[in-house]
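Spelled out, the chains give:
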4 protein chains.
Amino acid sequence: MSQTLTQERDAGSSLPLLDRQQARHDYGAVRAMTETLCRPLQPEDCLLQSITETSPPKWHLAHVSWFFETFLLQEYLPAYRPFNPRFRYLFNSYYEQLDGYHPRARRGLLSRPDLDTVYRYRAWVDEHMQALIDQAEAEHWPDIALRLAIGLNHEQQHQELILTDLKHNFWVNPLLPAYREELPRSEGRAAPLDWHEYPGGVQEIGCGGDGYAFDNERPRHRVYIAPWRLASRPVINAEYLAFMDAGGYRRPELWLSDGWATVQRLGWRAPLYWLQQDGDWWQYTLGGLRPLNPDETVCHVSYYEADAFARWAGKRLPGEQEWEVAAAQRPVAGNLREAGRLHPGIATAPGLQQLYGDVWEWTSSPYTAYPGYRAPAGALGEYNGKFMCNQQVLRGGSCVTPADHVRPSYRNFFYPHDRWQFMGLRLAEDAE
Amino acid sequence: MSQTLTQERDAGSSLPLLDRQQARHDYGAVRAMTETLCRPLQPEDCLLQSITETSPPKWHLAHVSWFFETFLLQEYLPAYRPFNPRFRYLFNSYYEQLDGYHPRARRGLLSRPDLDTVYRYRAWVDEHMQALIDQAEAEHWPDIALRLAIGLNHEQQHQELILTDLKHNFWVNPLLPAYREELPRSEGRAAPLDWHEYPGGVQEIGCGGDGYAFDNERPRHRVYIAPWRLASRPVINAEYLAFMDAGGYRRPELWLSDGWATVQRLGWRAPLYWLQQDGDWWQYTLGGLRPLNPDETVCHVSYYEADAFARWAGKRLPGEQEWEVAAAQRPVAGNLREAGRLHPGIATAPGLQQLYGDVWEWTSSPYTAYPGYRAPAGALGEYNGKFMCNQQVLRGGSCVTPADHVRPSYRNFFYPHDRWQFMGLRLAEDAE
Amino acid sequence: MSQTLTQERDAGSSLPLLDRQQARHDYGAVRAMTETLCRPLQPEDCLLQSITETSPPKWHLAHVSWFFETFLLQEYLPAYRPFNPRFRYLFNSYYEQLDGYHPRARRGLLSRPDLDTVYRYRAWVDEHMQALIDQAEAEHWPDIALRLAIGLNHEQQHQELILTDLKHNFWVNPLLPAYREELPRSEGRAAPLDWHEYPGGVQEIGCGGDGYAFDNERPRHRVYIAPWRLASRPVINAEYLAFMDAGGYRRPELWLSDGWATVQRLGWRAPLYWLQQDGDWWQYTLGGLRPLNPDETVCHVSYYEADAFARWAGKRLPGEQEWEVAAAQRPVAGNLREAGRLHPGIATAPGLQQLYGDVWEWTSSPYTAYPGYRAPAGALGEYNGKFMCNQQVLRGGSCVTPADHVRPSYRNFFYPHDRWQFMGLRLAEDAE
Amino acid sequence: MSQTLTQERDAGSSLPLLDRQQARHDYGAVRAMTETLCRPLQPEDCLLQSITETSPPKWHLAHVSWFFETFLLQEYLPAYRPFNPRFRYLFNSYYEQLDGYHPRARRGLLSRPDLDTVYRYRAWVDEHMQALIDQAEAEHWPDIALRLAIGLNHEQQHQELILTDLKHNFWVNPLLPAYREELPRSEGRAAPLDWHEYPGGVQEIGCGGDGYAFDNERPRHRVYIAPWRLASRPVINAEYLAFMDAGGYRRPELWLSDGWATVQRLGWRAPLYWLQQDGDWWQYTLGGLRPLNPDETVCHVSYYEADAFARWAGKRLPGEQEWEVAAAQRPVAGNLREAGRLHPGIATAPGLQQLYGDVWEWTSSPYTAYPGYRAPAGALGEYNGKFMCNQQVLRGGSCVTPADHVRPSYRNFFYPHDRWQFMGLRLAEDAE
């Protein structure tokens, strides 16, 4: 779920470097946004970890700072003294090449450092990062600029995780607290589903040019695709309810074998965050509990559920290459975090809708390396490559993804049983 | 780990009732002490639950208030309106007869109600309890006074748990924070061990007269005991180190079968809270990490370890009746919570030492009902009786037990594998 | 579940030694009976282990031979050569002092040695045991005779386990095969329950004289007992059905806390081996599936169920000392293995019935050492002493216990959740 | 791990139908071979199931008969009476659409039906299958012939599993029994590794023509592949030992994240079936324990180990399309089951070696549906399609695969952590 900027500079790529002015600005903006997101929270909220996957906000706040400290300050700022040497262990997420890390499942047990101390840690890192940006020698600037870009994109990923994790952390509290009470709601009716057809042949996908891209989006390469059709919008709640009403969760013939075992083991009978009360369905959102809106895009379904729905519907999920070829022709815009809804909306308009934002769309593509992929050397090489097994690719960003963070070639990835991200699905079918 | 005042009133007992004046005073004192104990803590500390057994301070703060609300205010105060009706579920500990309770293992996930709200809950309950004490009709007073006594003893038990649980909750943090930095330390050398002999015969144990006693201490009854000898003091760290040096944790012949399986499964090789660094042993305390003091009473050992030590020493643990007969002749005094050490001390003087305070002493007695025991009717009957299986009795209180809470007949009980309480052992042997 | 003959010889006891003639006869008889019990089985049946607790018949056949080989042949027969040196590891049950043992849970995976080889192993041991009995030097005979008595009692215990374990091993097969089709069935109606009263005071229990007894039955010692009453017969199926009909398995107030957790976790709603089909209850027996006979003694209930039933009935379980004092006055006779039913019967007669045979009766007594108990030295000391924690005492033998194996002081012991033995309960109450 | 013949007939394919003569012959030959494979086994060996994945030989013997009974006799033979109606439940493997099945993990607990009965079951099915082949009406023959082909290929898959599962089932026995003592051993030295290069471009893979093929091999379709190189032979033990000596199992940077977690959790430090004694490596084989031969092809490694080895070697695993394009040019021949070694051999010759036989070769390709894949309707549709998640494709067959069962397009699939099949790896690299 995290990704590295390809270190293409050595390969003579045209990746444009941040200049110091821009770096100063971007750094300040991204760092400030993280704190803004945490402002509605109590100190105790910032310690919550409901399951291993959902880290506490305080841990996120510290870890992203640790990233700058570890990969920039300690490497490039002479005589830099860490804020607290123990943090190297406490706030390392999973980099095996860096002397061990606190177990992921136990992040919610770190009442100390307390929240104030973590904010002082952030200020300490910010102060030294500004010094680094100002004072770094010119010969180091290209390396620094590259790592800075990684660090900022990394912090944006954790901004998204702060919200997705918090939603689950609150969900296990019977009081069902809201992150923010006043979130705007979607209105209108979902447009009828129609289909967009694409010709087959040899196509190119992946990021090849300049601009930010993580290493797993590279290199740009050729693929052969047969002609296909893509649904005009993702599946909506009303359609998913029809699947449920048709016994979707009780019919093994609709499910992958591992999916059916998961349904049985965990007792799934609806998407995550759905509650039935007196026959009516409700949905827990970052704005609290709401009646389920049948026109909204369905969200918080696993790959297994997405796949079963598609089989029930007589369709299939798109491959990531099918999605990317279609999306590359479209502007990156939609119900992303900046829209302020923090919940999937309603695709009211005709035409291809909601490719970006609303929900990450499960694809039928297992997450693997592109042909010619090379992980970067050193600990930063662990960012993406080591996760290329057992996970599925999702595309397009969601209602909690920063708008300037996503792009056509962006590959997100989660395990087939994961549901706590803002995940949905769009149908596809063969064209001939 | 909790106990009910026998409802002996019906049986015409002479249990002296609290009068309203005394009730007002005791209630205020106990309630204030609980908050005093939490004063050194951050809001985040108050949410910690490292293992299922160790509840967060905030949960303790709320649960003891729930106890007064449920068993007194809702029963006896006309038109009482609960502070928050959801708290009936959230802060019920284990009373099955009261419409369910939040799972014990998930108490650490309740960031809401936040700490301020819990303090407001306490104030609300206090205000109404004072009203109840002032206004209750005379005919209800005996019942109210009895339940009030239970509630205050109950809150004292949770005062002890706040400290024992917190110690473990902090322990899992690699920073090993101290609850209070400035705790006083013990000095001097432990007195040599000698033996005190007691004649056998039919004896009486249990609480029979007036004064507080939980239901599990009653009725007073006869037992036959063969002559025995009791060690003058509990086992100390130096003696326990000798057991370890003799391969104690590697010699199955010293262990109960279930104990040996536990040693293997959990990898035990020293008491809980012991750390070895560069060959030296350290001990984590509520005052932080300290070098292990060989003269201090050994603490945080399980029943299995206590039993194995005794077997290695060629002795045995005392039965609870042996302990009680010996202790009944002694004043209740020692290194209890009010001593302010919050850590076991050193038995420097000759003679029978440390029967009260320092460490709860494991006995060889499984926790069972006394002959003629009857659990009270209703939900309060769940306080003690339902735990009379699979646990062992411990006696005497510890360095975190309130001094006015313990007595000769007091029976504490934990599972044989438990180590997080302040638990130690005293040796015994047959006299003939 | 196993026990050691007290090695009282050193203490000058009057334990009568087996003479060689008697030894030869007893050895032959016990060994032959074990094989007789296995005769109805297929080789594949002899490999079954449905759960960790239920060892395969083949393993029992080999282990009891290993016992003679290890504790007699290798100690006292000069130049004895083991049948197969690997068997020392494979067929050791749990003796930690003997170089390790094959994990208990994996006994069902030993297809080799095959059954024929195990019978050859038995023959080899028998041949050398006869030689040992014939040729042992007189000075060694007392030790040998003592260990031989232990070995034969040990083999009898495993005869019982062969049947109890096999019942469970077959039970998990949907075909529900019978061990023997032609088992006789009980007839008649259960006598009404009445009560037998016993005066209190200081009593003696435990085995003090000559005759076989395991170490855990000694020494004979004094106990103080308050006056009590014992039910004339164990609880029967009809009574247990009434408990079930009264919601027994759904009412937490009837259960010990650990018991209720077990009921929830395992989904218990009836005794083990009960099946409901079209509203009727059936019971799986060693003779196959039969309609539940309401007059038969209830069997295959855990301690938790026995305790909950007693609480529902307004009674309690007897202490082991109460049981023993009552039983010591009665002849050891009843529906034991030799009766050939292999299933509990019906107590049709008035008066104190079924103390011996039918079902092992749960007592309220945790399994602990008697005052003055000393485990024997060496590996044989592991026979009993190390199990004295977390288990409850059962008394009286069952329908699969050899008649000459049980006695008033005999203490069996199992965990409170165990149900696969032939276990039932008899009620008791205080007399005053 | 099982696969269905595509039902292409409806689609007008040229799949050649078995005629009755050929059907009679093939049926007899395949069925007889299964029994031949079980001949060296004891009845108890036939009940072994060491882990959930490794079914007992007896279960395999019955299940393949159940397949013919369920999908042919009950469908096409008028008035067919099942041998035992309970077998429909007992011997169904995983077909959810057929009224439930006995849990996979409990196949080793079915001592009944005993082995003789299972052989009588086989004879009963054989007799009726011969009748069906002889008497089926012509209009049904095409369907019957298709299902017969599936059933025979299915039985061949289980022939392979009988050997792979048995190897593991024996392995957990400390006696390490051999399946057959007299297996021939390989000789000679492994040829040096060299590389075979292939041009990139649009290629076709999958089975398109007549001849047997499972549904997951179809349809034949185009893929784009960049130029690549394939190693001349799989990795050998000597090379794998070098990886181990270089700290392969201790260096997280070499491993996929899930792989490293698996190494830690299971304590892997060598391939399955390797044992180190006094510094020397031994390997358990179907012929018993042997010294490790450094020239033999490495076997019983997981995908995680294969991937880590490749990363350490600076190479990668081939994609399944790369493997298939290379293999399609080669005859299907090699160290397959008929060679009688039942163990991987030594690639002594230069040139592309061991594509078929010796070891199944892990590919970098997750097991997914080919474009245009449709699972057959009904329960037979569960054969392959529902497993297309979380598994990796392996190619080429092994030393226990029937020679007439494998082909260039054959796709085997296992979880990345599986090691009990005869699995190895061949390296690949990019060509430009």
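Reading the values: rules and limits
Residues numbered from 1 in each chain as written. Chains lettered and ligands numbered in written order. Predicted model: local features only at pLDDT ≥ 70, side-chain atom pairs only at ≥ 80, totals over all residues. Helix = DSSP H or I, 4+ residues; strand = E, 2+ residues; numbered from the N terminus. Rg over C-alpha atoms; globule rule 2.2 N^0.38 Å. Contact = placed C-beta atoms within 7 Å. Pairing = 2+ DSSP bridges. UniProt positions renumbered as here; feature names shortened; annotations may be inferred. Axes fitted to C-alpha atoms, helices over the stretch in contact; angles between N-to-C directions. Buried ≥ 20, exposed ≤ 12 C-beta atoms within 10 Å, placed from the backbone. Nonpolar A, V, L, I, M, F, W, Y, C, P; charged D, E, K, R; others polar. Least-squares fit on C-alpha atoms with pLDDT ≥ 70 in both. Arc of directions from axis to C-beta. Domains from an automatic or database assignment. Parallel < 35°, antiparallel > 145°, perpendicular 65-115°, else oblique. Left-handed = near helix turned anticlockwise from the far one by under 90°. pLDDT = per-residue confidence, 0-100.

**Some remarks on the overall build of chain A**
Scanning chain A from terminus to terminus reveals nine helices and 12 strands. Computed over the C-alpha atoms, the radius of gyration of chain A is 22 Å, within 12% of the 22 Å expected from 2.2 N^0.38 for a compact globule of 432 residues. Taken along its principal axes, the extent of the C-alpha atoms in chain A is 65 × 55 × 40 Å. By sequence separation, contacts in chain A at least 24 residues apart represent 81% of the contacts at least 6 residues apart.

**Observations regarding the pairing of strand β5 (residues 274–277) of chain A**
Residue and element names in this part refer to chain A. One ladder, built from four bridges, connects β5 with strand β6 (residues 280–285); its direction is antiparallel. Pairing of Trp274 across the sheet is with Gln283, part of β6. Between the antiparallel neighbours β5 and β6 lie two residues, among them Asp278 with a positive phi of about 55 degrees.

**Quick word on the UniProt feature "domain: DinB-like" (unreviewed entry) in chain A**
Taking the UniProt record as the reference, the feature "domain: DinB-like" (unreviewed entry) is found at residues 29–162 of chain A. Its end C-alpha atoms 17 Å apart, residues 29–162 of chain A is made of 57% helix and 0% strand.

**Considering the sheet that holds strand β10 (residues 412–414) of chain A**
All names here are of chain A. Reading across the sheet, the four strands line up as β10-β9-β8-β11 and stay open at both edges, with mixed pairing between neighbours. Since the sheet does not close on itself, it has two edges, and those belong to β10 and β11 (423–424), each with one partner. Across the face of the sheet, helix α9 (residues 320–327) comes into contact with β8 (360–366) and β9 (392–395) while running at roughly 15 degrees to β9.

**Remarks on unusual backbone geometry**
A cis geometry characterises the amide bond from C:Arg218 onward to C:Pro219, with omega recorded as -5 degrees. Structurally, C:Pro219 is set in the loop between β2 (201–205) and β3 (221–225). One non-glycine residue, A:Asn390, lies in positive phi territory at about 75 degrees. Inspection of the secondary structure puts A:Asn390 in the loop between β8 and β9. Despite not being glycine, B:Gln354 has its phi angle at roughly 60 degrees, a positive value. Its location among the elements puts B:Gln354 in the loop between α9 (320–327) and β8 (360–366). Judged by local crowding, B:Gln354 falls into the buried class, with 23 C-beta atoms found within 10 Å.

**Some thoughts on the interface of chain B and chain A**
On the chain A side, the residues contacting the 23 residues of chain B number 23 residues. Broken down by class, the residue content of the side of chain B that touches chain A amounts to 12 nonpolar, five polar and six charged.

**Topic: the relation of the copies chain B and chain A**
For the pair chain B and chain A, the relating rotation is 180 degrees, the translation along its axis is 0.0 Å, and the fit reaches an RMSD of 0.0 Å. The transformation just described matches what one would write down for a two-fold rotation axis. Taking the C-alpha atom as reference, chain B places B:Glu44 closest to the rotation axis, 2.5 Å from it. Same-surface contact between copies: 100% of interface residues of chain B are shared with the interface of chain A.

**Some words on helix α9 (residues 320–327) of chain C**
One turn of an α-helix holds 3.6 residues; hence residues three or four places apart share an orientation. The buried count for α9(C) comes to eight of eight residues, which makes it a mostly enclosed element. Listed in full, the buried residues belonging to α9(C) are C:Glu320, C:Gln321, C:Glu322, C:Trp323, C:Glu324, C:Val325, C:Ala326 and C:Ala327.

**Concerning the sheet that holds strand β12 (residues 428–430) of chain B**
All names here are of chain B. With antiparallel pairing, the three strands of this open sheet are ordered in space as β1-β4-β12. A strand with exactly one partner marks an edge of an open sheet, and here the two such strands are β1 (195–198) and β12. Between one strand axis and the next, the sheet turns by 25 degrees as a mean value, whatever way the strands run. Of the strand pairs in this sheet, strand β4 (residues 228–231) and β12 are connected by three bridges, and their pairing is antiparallel. Its bridge partner being in β12, Arg229 is matched across the sheet by Glu429.

**Things to note about the UniProt feature "domain: Sulfatase-modifying factor enzyme-like" (unreviewed entry) in chain A**
Residue and element names in this part refer to chain A. As annotated in UniProt, the feature "domain: Sulfatase-modifying factor enzyme-like" (unreviewed entry) corresponds to residues 197–329 and 349–428 in the numbering used here. Structurally, residues 197–329 is divided into 28% helix and 23% strand, and its ends, taken at the C-alpha atoms, are 13 Å apart. Segment residues 349–428 splits into 0% helix and 21% strand. End C-alpha atoms: 19 Å apart.

**With respect to helix α7 (residues 257–266) of chain C**
Residue and element names in this part refer to chain C. Restricting attention to buried positions, one finds in α7 the residues Gly259, Trp260 and Val263. Viewed end-on, α7 has its buried residues packed into an arc of 100 degrees, placing them on one side of the element. Opposite the buried face of α7, by more than 90 degrees, sit the exposed residues Arg265 and Leu266. Buried residues belonging to α7 abut α8 (303–312). Positive backbone phi, approximately 65 degrees, marks Gly267, located one or two places after α7.

**A short note on the domain arrangement of chain A**
Residues and elements named next belong to chain A. By the assigned domains, chain A splits into domain 1 (9–171) and domain 2 (195–430). Between the C-alpha centres of domain 1 and domain 2 there is a distance of 27 Å. Every contact between the two is made by 21 residues of domain 1 and, on the other side, 17 residues of domain 2. No other element matches the 10 residues that helix α5 (residues 141–171) contributes to the side of domain 1 that touches domain 2. Per-class residue counts for the side of domain 1 that touches domain 2 are nine nonpolar, eight polar and four charged.

**Thoughts on the packing of helix α1 (residues 20–38) of chain D against helix α4 (residues 115–135) of chain D**
Residue and element names in this part refer to chain D. Their axes nearest at 10 Å, the elements α1 and α4 cross at an angle of 165 degrees. With respect to α4, the axis of α1 lies roughly antiparallel. Seen from above, α1 lies across α4 with right-handed handedness. Between α1, through Arg20, Ala23, Arg24, Tyr27 and Arg31, and α4, the contact on the second element is made entirely by Asp126, Met129, Gln130 and Ile133. In the contact of α1 with α4, the residues fall into four nonpolar, one polar and four charged.

**A look at the relation of the copies chain B and chain C**
Superposing chain B onto chain C requires a rotation of 180 degrees together with a translation of 0.0 Å along the rotation axis, leaving an RMSD of 0.0 Å. Of all interface residues in chain B, 100% are interface residues in chain C too; the two copies therefore contact each other through one and the same surface.

**Considerations on the confidence of the model for chain A**
Parts of the prediction with low pLDDT should not have their coordinates interpreted in detail. Residues and elements named next belong to chain A. Chain-level statistics for chain A give a pLDDT mean of 95 and a share of 96% at 70 or above. Confidence drops under a pLDDT of 50 for residues 1–14, and excluding neighbours within four residues, the segment shows 39 contacts in the predicted structure. This prediction of the complex comes with two scores: 0.95 for pTM and 0.95 for ipTM.

**Considering the arrangement of the chains**
Spatially, chain A and chain C are disjoint, and the shortest separation between their C-alpha atoms is 15 Å. Note that chain B does not reach chain D: the shortest distance linking a C-alpha of one to a C-alpha of the other is 15 Å.

**Notes on the environment of C:Val30**
Residue and element names in this part refer to chain C. By the secondary structure assignment, Val30 is in helix α1 (residues 20–38). Counting along the chain gives 29 residues from Val30 to Trp59, while the straight-line C-alpha distance between them is 17 Å. Not counting residues within four places of it along the chain, the set of residues in contact with Val30 comprises Leu152, Glu155 and Gln156.

**Details of the packing of helix α2 (residues 57–76) of chain C against helix α4 (residues 115–135) of chain C**
Residues and elements named next belong to chain C. Relative orientation of the contacting elements α2 and α4 amounts to 30 degrees, with a least axis distance of 9 Å. The orientation of α2 with respect to α4, classified from their angle, is roughly parallel. Between α2 and α4 the crossing geometry is left-handed. Contact with α2, carried on its side by Lys58, Leu61, Ala62, Ser65, Phe68, Glu69, Leu72, Leu73 and Tyr76, involves Leu115, Val118, Tyr121, Arg122, Val125, His128, Met129 and Leu132 of α4 and no other residues of that element. Taken together, the residues that form the contact of α2 with α4 break down as 12 nonpolar, two polar and three charged.

**Some words on the environment of D:Arg185**
Its place among the elements puts D:Arg185 in the loop between α5 (141–171) and β1 (195–198). D:Arg185 gets classed as partly exposed once you count the C-beta atoms within 10 Å, which come to 13.

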